[in-house]
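# Geometric and topological summary
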Amino acid sequence: MLIVDSHTEGEPTRVILEGGPDLGSGSLSERAARLATEYKDFYRSVVLEPYGQEAMVGALLTEPTNPECVAGVIYFDAAAVIGMCGHGTIGVAATLAHIGKIGIGTHKIETPVGIVEVTLSDKNTITVRNIDSYRFKKAITLEVEGIGKVTGDIAYGGNWFFMVDDSPTPVLPSNIRGLTEAGIAIREAIYAQGIKGGNDGIIDHIVLYGPALTEKGHTRNFVLCPDDAYDRSPCGTGCSARLSCLAADNRLAPSEEIYQESTIGSGYTLSYELSTSPTAPKGSIVPSITGQAFITREATLINNPNDPLKKGIVL
Ligand code: PYC
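Since we're looking at a predicted model, the values are computed, not measured. (Residues numbered from 1 in each chain as written. Predicted model: local features only at pLDDT ≥ 70, side-chain atom pairs only at ≥ 80, totals over all residues.)

Moving on: the overall build of the chain. Counting its regular elements, the chain contains five helices and 16 strands. Over its C-alpha trace the chain gives a radius of gyration of 18 Å, about what one expects of a compact globule, namely 20 Å for 315 residues. In terms of principal-axis extent, the alpha carbons of the chain reach across some 50 × 45 × 35 Å. Sorting the 315 residues of the chain into buried and exposed places 49% on the buried side. Across the chain, every contact between residues at least 6 apart in sequence was considered, and the portion connecting residues at least 24 apart equals 66%. (Helix = DSSP H or I, 4+ residues; strand = E, 2+ residues; numbered from the N terminus. Rg over C-alpha atoms; globule rule 2.2 N^0.38 Å. Buried ≥ 20, exposed ≤ 12 C-beta atoms within 10 Å, placed from the backbone. Contact = placed C-beta atoms within 7 Å.)

Printed below as a string of structure tokens:
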């Protein structure tokens, strides 16, 4: 299987160029559902150790159904097939540029949740114009074991997020274990209390915010992903969800730019426009996320049927 690895602001993406499963010719969401149900061992093995690495997101390239798109892509981590991935899309764009499939300029990419646009200012600096994003519910208070009351917004940016403005634990790189435990406890409380996003969407990403550590930063975030790894970047879909909350609270005007710091100190430049789509939920915005991705590896992944760890290390 032919792969190209990259990192976007520290968060790894593994793009499968060739050798993935044939998911048929249905819609991207049908193909994603097939990957999730029929090829679980396969997709997990691509990103789990010893073949992958912690926090890695996989991106399976597939033929788009819309001829205006340069590629279709289905994202997954070690726990789940996910709807969209912002850092992954920046990594996919850098990869497509690396293999000569796209150049500087704007291109469309099809995902299971809709078509996104990528604009390459150079081969590393990429802006993603994401799908319509919106806040679903404001200020939901949960009783969280070991923490107490935690209040956050539920918002959508291609995945479902619970977003806590005042992190119960300081958002510092020295505190990743505490942040991870807090994020898991919050997610457990969400599941135990049966809280869902719109259309019963599963809220599987938790974002905790703290003060920025640099002058240009708006805030610093910690993002817990479904596989319990934290996003080294500020999370593109999480930033999209965040922008919808800032817009809904009149804390950020359309086209105004902010810089979102990640836990490790990398960051994205963010802005939004109001959505004009008649089918988008009320208050929807169209987010733009700018960050940098760098290619780290071109390789062939070898699947040895005799390897007892061919499915990855699953504890
Ligand atoms: O950048 O959207 C993102 C993302 C989702 C999970 C990991 N990164």
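Our focus in this paragraph is the site of the ligand. Lining the immediate environment of the ligand, one finds Glu11, Val57, Cys85, Gly86, His87, Cys225, Asp231, Ser233, Cys235, Gly236 and Thr237. Elements that contribute at least two residues to the shell around the ligand include exactly helix H3 (86-98) and helix H5 (236-248). Here the shell around the ligand is composed, by residue class, of four nonpolar, five polar and two charged. (Near = placed C-beta within 6 Å. Nonpolar A, V, L, I, M, F, W, Y, C, P; charged D, E, K, R; others polar.)

Working note: regular strand, side chains alternate between the two faces of the sheet. Judged from the eight bridges that link them, strand S9 (residues 134-144) and strand S10 (residues 148-156) form a sheet pairing that is antiparallel. Looking across to S10, one finds that Leu142 is bridged to Val150. In this antiparallel pair of consecutive strands, S9 and S10, the connection spans three residues, and Gly146 shows a positive phi of 80 degrees. (Pairing = 2+ DSSP bridges.)

In an α-helix there are 3.6 residues to a turn, and that puts residues three or four apart on one side. Taking 1.5 Å as the rise per residue, H3 with 13 residues should run 18 Å; its terminal C-alpha atoms sit 18 Å apart, in good agreement. Counting buried residues along H3, 12 of its 13 residues qualify, which places the element largely inside the surrounding structure. Gly86, His87, Gly88, Thr89, Ile90, Gly91, Val92, Ala93, Ala94, Thr95, Leu96 and Ala97 are the residues of H3 that are buried. At the exit of H3 stands Gly100, carrying a positive phi of roughly 80 degrees. (Expected span 1.5 Å × (residues − 1).)

Turning to the environment of Asn159, a few remarks are in order. Within the secondary structure, Asn159 sits in the loop between S10 and strand S11 (160-164). Asn159 sits in the buried class, given 28 other C-beta atoms within 10 Å. Contact partners of Asn159, with chain neighbours within four places excluded, come to Ile82, Gly83, Met84, Asp204, His205 and Thr237.

This part covers the pairing of strand S16 (residues 285-300). Pairing between strand S1 (residues 2-8) and S16: seven bridges, direction antiparallel. Counterpart to Asp5 in the pairing with S16 is Arg297. Relative to S16, strand S8 (residues 125-129) is paired through five bridges, and the arrangement is antiparallel. In the sheet register, Val128 faces S16, and the bridge partner there is Ile289. Pairing analysis gives six bridges linking strand S15 (residues 267-274) to S16, with the strands arranged antiparallel. Opposite Leu270, over in S16, you have Ile289 as the bridge partner.

A few words now on the confidence of the model for the chain. Caution is warranted with low-pLDDT regions, since their predicted coordinates should not be read in detail. The predicted model of the chain has a mean per-residue pLDDT of 97, with 100% of residues at 70 or higher. Here the prediction assigns the complex a pTM of 0.97, and the interface score ipTM is 0.99. (pLDDT = per-residue confidence, 0-100.)

An ideal rise of 1.5 Å per residue puts 18 Å on 13 residues; H5 measures up with 18 Å between its terminal C-alpha atoms. Of all the 13 residues making up H5, 11 are buried; the element is thus mostly covered by neighbouring parts of the structure. Along H5, the residues that are buried comprise Gly236, Thr237, Gly238, Cys239, Ser240, Ala241, Arg242, Leu243, Ser244, Cys245 and Ala247. The first or second residue beyond H5 is Asn250, which carries a positive phi of 55 degrees.

Another aspect to go through is the packing of H3 against H5. Direction vectors running N to C along H3 and H5 enclose 130 degrees, while the axes themselves pass 5 Å from each other. By the angle class used here, H3 and H5 are oblique. Judged by residue contacts, Gly86, His87, Thr89 and Ile90 of H3 engage Gly236, Thr237, Cys239 and Ser240 from H5. Considered class by class, the residues forming the contact of H3 with H5 number two nonpolar, six polar and no charged. (Axes fitted to C-alpha atoms, helices over the stretch in contact; angles between N-to-C directions. Parallel < 35°, antiparallel > 145°, perpendicular 65-115°, else oblique.)

This next bit is on the environment of Pro64. Within the secondary structure layout, Pro64 lies in the loop between strand S3 (57-62) and strand S4 (69-76). Taking the C-alpha atoms as reference points, Pro64 and Gly312, 248 residues apart in sequence, are found 29 Å from one another. Excluding anything up to four places from it in sequence, Pro64 contacts Cys69, Ala71, Gly72 and Glu110.

Between Glu49 and the following residue, Pro50, the backbone shows a cis peptide bond with an omega angle of 5 degrees. Take Pro50: it is sitting in the loop between helix H2 (40-47) and S3. For Ala55, which is not glycine, the phi torsion reads 75 degrees and is therefore positive. If you trace the backbone, Ala55 turns up in the loop between H2 and S3. Even without a glycine there, the phi angle at Asn199 is positive, about 50 degrees. Relative to the elements of secondary structure, Asn199 occurs in the loop between helix H4 (176-192) and strand S12 (203-211). With 8 C-beta atoms packed within 10 Å, Asn199 lands in the exposed category.

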